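Chain and residue survey
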Amino acid sequence: AKEFDYIFLSIPAHIEDFKKAVGHERVFYLPHAGEPTCYKKINVIKRYDTCFIGHLPNEKRIELLDMLFKISPDFYYGQRFFEEANQKYCESKIVFNHSISDEANMRIFEGTLSGACVLTSYSKDVEELGYKDGENIVFYHSVGDMSEKARYYIDNEVEREAIAQKGREW
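Here the structure is a predicted model, which means the values were calculated and not measured.

**Observations concerning a nonpolar patch on the surface**
A surface patch of nonpolar side chains, amounting to about 440 Å² of accessible area, comprises Tyr6, Phe8, Phe28 and Leu30. With respect to the helices and strands, the residue Leu30 is situated in the loop between strand 2 (27-29) and strand 3 (48-53).

This is the structure we're talking about:
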């Protein structure tokens, strides 16, 4: 990174460390985003209660996913990319996310662009980008809270779809 004049990071918490490491102040936050020609709402049957596309880097994410498997046996988990991921998101009532570094990761943008209700661990970064709990995204703060909100939104289609639509618009 010392070879570059400008550095852009997707995790704001790392900016000050990078500034020290590279010896200059030209280190900036650039959040992830989603590609709207790839991630878009398509009208398909909701085959899954919940969906998680990603990897399992830590015990916390594994614990949360295990809880979701117990809550909703109609669960999709796998590795998909681009249009295939979009298809699975659109087929799901809820897209689950657990942010590893309290960041606004790709799943936030991909899930909301796909028109799914995104249930994610609380993130100050996500909130600062304008996402509002219960309005255009659903935040959880603990395993119990995640479990309760997953059950609630699986069963409450009108509220879930209103949040999903507002998330997509945002």
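**Focus: the packing of helix 6 (residues 143-155) against helix 7 (residues 157-169)**
Relative placement of two packed helices is described by the angle separating their axes and the distance separating the axes. Contact geometry of helix 6 with helix 7 gives a least axis separation of 5 Å together with a crossing angle of 100 degrees. Classified by the angle their axes make, helix 6 and helix 7 are roughly perpendicular. Residue-level inspection shows Tyr152, Tyr153, Ile154 and Asp155 of helix 6 in contact with helix 7, the latter providing Glu157, Glu159, Arg160 and Ile163. Split by residue class, the contact of helix 6 with helix 7 holds four nonpolar, no polar and four charged.

**Regarding the pairing of strand 4 (residues 75-78)**
With four bridges joining them, strand 3 and strand 4 adopt parallel strand pairing. The residue bridging Ile53 from the neighbouring strand is Gly78, located in strand 4. Tracing the backbone out of strand 3, into helix 2 (residues 59-71) and back to the parallel element strand 4 gives a crossover that is right-handed.

Conventions and cut-offs
- Residues numbered from 1 in each chain as written.
- Predicted model: local features only at pLDDT ≥ 70, side-chain atom pairs only at ≥ 80, totals over all residues.
- Heavy atoms only, no water.
- Patch = residues over 30% accessible without salt bridge, like charges linked within 9 Å, V, L, I, M, F, W, Y side chains within 5 Å.
- Areas by Shrake-Rupley, 256 points an atom, 1.4 Å probe, with all protein chains shown as cover.
- Salt bridge = Lys/Arg side-chain N within 4 Å of Asp/Glu carboxyl O.
- Helix = DSSP H or I, 4+ residues; strand = E, 2+ residues; numbered from the N terminus.
- Axes fitted to C-alpha atoms, helices over the stretch in contact; angles between N-to-C directions.
- Parallel < 35°, antiparallel > 145°, perpendicular 65-115°, else oblique.
- Contact = heavy atoms within 4.5 Å.
- Nonpolar A, V, L, I, M, F, W, Y, C, P; charged D, E, K, R; others polar.
- Pairing = 2+ DSSP bridges.
- Right-handed = clockwise from strand over helix to strand, strands pointing away.

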